[in-house]
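So you can see what is in the structure, the chains are spelled out below.
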Amino acid sequence: MDAGSDPDFVACFLCGSRNSADALVNVILFAPLGLALALMGRTGIRWIGYAAALSATIEFAQLVIPGRDPSLSDVCFNTLGTAIGQLVARVGLRSLASTERTAARLSFVASVAAVLVFGLTARLLAPMLPNSAYQVWWAPKLHQLEWYHARGLHVRLGSMTLRAGDIPQTPEVRRLLRTGAPLHLEAIAGPRVRSLGPLFVIADEREREVLLIGPDRDDLVLRYRTLAVEWGLDQPDLRLRRALSRSTRGDTLVIEASRSANGTCLMLNGAGTCRLGYTIGNGWALLLFPEHFPTWLQQLLGATWVGAFLIPIGLWSRKRPETLLAAGILVAGLLLLPGRNGLLPTPPLQLLGAGVGWLFGAGLQAAFRKAPSRMERHG
């Protein structure tokens, strides 16, 4: 479903820079369909085939939709998502009939898996700076980004002054970027842009973006290369909301950025915040990051993401030591893991989402125990 994919329906498979994210999104989109079919007793190859036909129909319809291109990989991963949904339903229902000890052990395994996912989120959002020669670009014209007609004046990283073109001291620049050294730049503002437009970019010799600062409508955006980008996932950014709302073409912009254990500082003309950063709930943004979603909606998605990983734990929770241990591991992961991995503390809304997810899983456990075993009769 990537609009930037190869228009050849047959040849295109895992296309684009965010191919892994597209594949995972397509699996997740059709997994609920497989889950619902299984709960209605519609299991087996025939029903997975129906889902594949539905996906293929959707993809072929994109031949006549402007800006959309069909993709073979979408059909394959939609079909895989349906199969996974059916498998999850079967395993989930059968596990409810297992012994109390087995179910409690499954809750323990699910809690470990959730903490591992949260830890992986932190790793994927950490800076990943290429070991190659760097260059400085002012207001460049880049593919898929709007051209911001601004003029750079001066930039300093730590005690180093950087000039447009190749950077001869790349190892030192890489070290300064990795340690979050203060970045100070001055520029003359251009006209307002309708989407992200780069003002200042550090790129490597293969033209891979290492760091970018620029406007997006009225927001000031900072993003750096992460491991997620290397793995073909999406790249969430850090934003100073409405920082440029009062700036007009020709104004002088003084931008300062730095990073510490307490978060990232981003300032424009002396105003800004030092509490920007990622949390364990930002895992959803590695799959699909809608830049212009309002802050409240992104926060809600973060809470939903965390809660989703606790549903299996609630489903298998029992009044046994294994489940108690699972709860302890989760609490430690939610409260202690962020500070040890460069993330911001888990916000209260995500902690609330965790509790809601656990309770939802417990509710599913009660509902499944009362449901008729139609799936076994049709399996």
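Residues numbered from 1 in each chain as written. Predicted model: local features only at pLDDT ≥ 70, side-chain atom pairs only at ≥ 80, totals over all residues. Heavy atoms only, no water.

S.K.: Pulling in residues and values, what's your account of the overall build of the protein chain?
M.R.: From N to C terminus, the protein chain includes 11 helices and 12 strands. In terms of overall dimensions, the protein chain has C-alpha extents of about 70 × 50 × 40 Å along its principal axes. The proportion of buried residues among the 379 residues of the protein chain is 47%. A separation threshold of at least 6 residues defines the contact pool for the protein chain, and within that pool the share at least 24 residues apart is 72%. Of the accessible surface of the protein chain, which amounts to about 18900 Å², a share of 62% is contributed by carbon and sulfur atoms. The centroid of the 38 positive side-chain charges in the protein chain is displaced by 11 Å from the centroid of its 27 negative side-chain charges. (Helix = DSSP H or I, 4+ residues; strand = E, 2+ residues; numbered from the N terminus. Buried < 20%, exposed > 50% of the residue type's maximum accessible area, 1.4 Å probe, protein only. Contact = heavy atoms within 4.5 Å. Areas by Shrake-Rupley, 256 points an atom, 1.4 Å probe, with all protein chains shown as cover. Lys, Arg positive; Asp, Glu negative; His and termini not counted. Charge placed at Lys NZ, Arg CZ, Asp CG, Glu CD.)

S.K.: For the sheet that holds strand β10 (residues 252-260), give the residues involved together with the corresponding values.
M.R.: Pairing within the open sheet is antiparallel, and its six strands lie in the order β3-β2-β5-β10-β11-β12. The open sheet has two edge strands, β3 (160-161) and β12 (271-276), and neither has a second partner. Two strands pair when backbone bridges link them, and strand β2 (residues 151-157) and strand β5 (residues 183-188) are joined in this way by six bridges, in the antiparallel orientation. Across the sheet, the residue bridging to Arg151 is Ile188, located in β5. (Pairing = 2+ DSSP bridges.)

S.K.: Tell me about the pairing of strand β7 (residues 209-216), and name the residues and values.
M.R.: Extensive coverage of β7 is indicated by the burial of eight of its eight residues. Of the strand pairs in this sheet, strand β6 (residues 200-204) and β7 are connected by four bridges, and their pairing is antiparallel. When the bridges of β7 are listed, Ile202 appears paired with Leu211. Hairpin connection from β6 to β7: four residues lie between these consecutive antiparallel strands, with Glu207 at a positive phi of about 65°. Across six bridges, the pairing between β7 and strand β8 (residues 219-224) is antiparallel. Paired with Leu211 across the bridge in β8 is Tyr224. Following β7, the chain reverses through two residues before pairing antiparallel with β8; Arg217 in that reversal takes a positive phi of roughly 55°.

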